[in-house]
Amino acid sequence: MQSNKVLDAKGLACPMPIVKTRKAINELNAGDALEVHATDKGAKADLSAWAKSGGHALLKDTEEDGVLKFWIKKA
Amino acid sequence: MSETKRTTIVLFSGDYDKAMAAYIIANGAAAYDHEVTIFHTFWGLNALRKAEDVTVNKGFLEKMFAKMMPKGADKMGLSKMNMAGMGPKMIKKVMKKHNAMTLPQLIEMAQEQDVKLVACTMTMDLLGLQKEELLDDIEYAGVAAYLGDAEDGNVNLFI
């Protein structure tokens, strides 16, 4: 899946994945997609809730070898 | 997105773990684009103390308080399993292993994210803490200023 930017948040603990995601998404334009890689097991619940609250769309998420990947489209 | 939401936290506790929880929520709320206020009162003021020595004029009781209270976030004890200072050493080791941010790092991150850090002036007087002993770039206020923020708050916590 295409993305305009990839954020590597692997190894980071709560609350850093969403703090970094917010910073990264602020640097993008509306409609751009951000790809986030994380290893924090709470990341799925956190990023889904965060995206919903900000009106962003969580397009897709995958899990492979303990790495969670998310694609978020900026509102 | 609709209008800006607001989170306020009263940090009463001077325990490292409780202050960590407060600052993690504050940083999370800032990432939610909330306007965030942490109002530090009583023992929570110690999280704002500078680690280095600051010479200020104080009375005898105030000096005693200053000696007995932790000098800054890194010196705070745990609410459970403190074990005369062994607990904090152990938990800091575990935190490093799991890449969790330390309390001083969380406070710095909160300041970077424009979280409003407020020191309660009435309890500063009680504990004999002066502005010079607390971190730079914080605000000073009382209960009315806190309530002014909290009455519009979507999330209000007392820790």
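Up top is the structure.
Asker: Help me out: how do you make sense of the sheet that holds strand β1 (residues 6-11) of chain B in this one?
Answerer: All names here are of chain B. If you walk across this open sheet you meet the five strands as β4-β3-β2-β1-β5, and the pairing is parallel. The sheet is open, and its two borders are formed by β4 (139-141) and β5 (155-158), each paired with just one other strand. Pairs of neighbouring strands in the sheet enclose a mean axial angle of 20°, with direction left out of account. Pairing geometry for β1 and β5, over four bridges, is parallel.

Asker: Honestly, the side chain of Thr 41 of chain B in this entry has me stumped. Any pointers?
Answerer: All names here are of chain B. Inspection of the secondary structure puts Thr 41 in the loop between β2 (35-40) and α2 (60-68). For Thr 41, a relative accessible area of 9% translates into the label buried. Sequence-distant contacts of Thr 41, defined by excluding residues within four places in its chain, comprise Val 10, Leu 11, Phe 12, Cys 120 and Thr 123.

Asker: Just checking my understanding: could you explain helix α2 (residues 43-54) of chain A for this structure?
Answerer: It helps to recall that an α-helix has 3.6 residues per turn; residues three or four apart then point in one direction. With twelve residues, α2 of chain A should reach 16 Å at 1.5 Å per residue; the first-to-last C-alpha distance of 16 Å fits that figure. Where α2 of chain A is buried, its residues contact α1 (16-26), β2 (33-38) and β4 (67-73) of chain A together with α1 (16-31) of chain B. At the C-terminal side of α2 of chain A, Gly 55 of chain A shows a positive phi close to 80°.

Asker: What is the right way to read the environment of Met 90 of chain B from this model?
Answerer: Relative to the helices and strands, Met 90 of chain B is located in helix α3 (residues 86-97). Sequence-wise, Met 90 of chain B and Ile 107 of chain B are 17 residues apart; in three dimensions their C-alpha atoms are separated by 21 Å.

Asker: Just checking my understanding: could you explain the interface of chain A and chain B for this structure?
Answerer: Between chain A and chain B, the contact holds 14 residues from the first and 16 residues from the second. Taking both partners together, chain A and chain B bury about 1,200 Å²; carbon and sulfur atoms supply 60% of that area. On the chain A side of the contact with chain B, Pro 15, Val 19 and Arg 22 of chain A bury the most area, a combined 35% of that side's loss. At the boundary of chain A and chain B, one finds two salt bridges. Residues Glu 112 of chain B and Lys 23 of chain A are paired through a salt bridge, measuring 3.7 Å at the closest nitrogen-oxygen approach. Linking chain A with chain B are six residue pairs in polar contact (both at pLDDT 80 or more). Residue assignment for the side of chain A that touches chain B shows that the elements contributing at least two residues are α1 and α2 of chain A.

Here is what the cut-offs are and how they apply
Residues numbered from 1 in each chain as written. Chains lettered and ligands numbered in written order. Predicted model: local features only at pLDDT ≥ 70, side-chain atom pairs only at ≥ 80, totals over all residues. Heavy atoms only, no water. Pairing = 2+ DSSP bridges. Helix = DSSP H or I, 4+ residues; strand = E, 2+ residues; numbered from the N terminus. Axes fitted to C-alpha atoms, helices over the stretch in contact; angles between N-to-C directions. Buried < 20%, exposed > 50% of the residue type's maximum accessible area, 1.4 Å probe, protein only. Contact = heavy atoms within 4.5 Å. Expected span 1.5 Å × (residues − 1). Buried area = accessible area lost by both parts, 1.4 Å probe. Salt bridge = Lys/Arg side-chain N within 4 Å of Asp/Glu carboxyl O. Polar contact = N/O pair within 3.5 Å; in protein donor to acceptor, adjacent residues only side chain to side chain.

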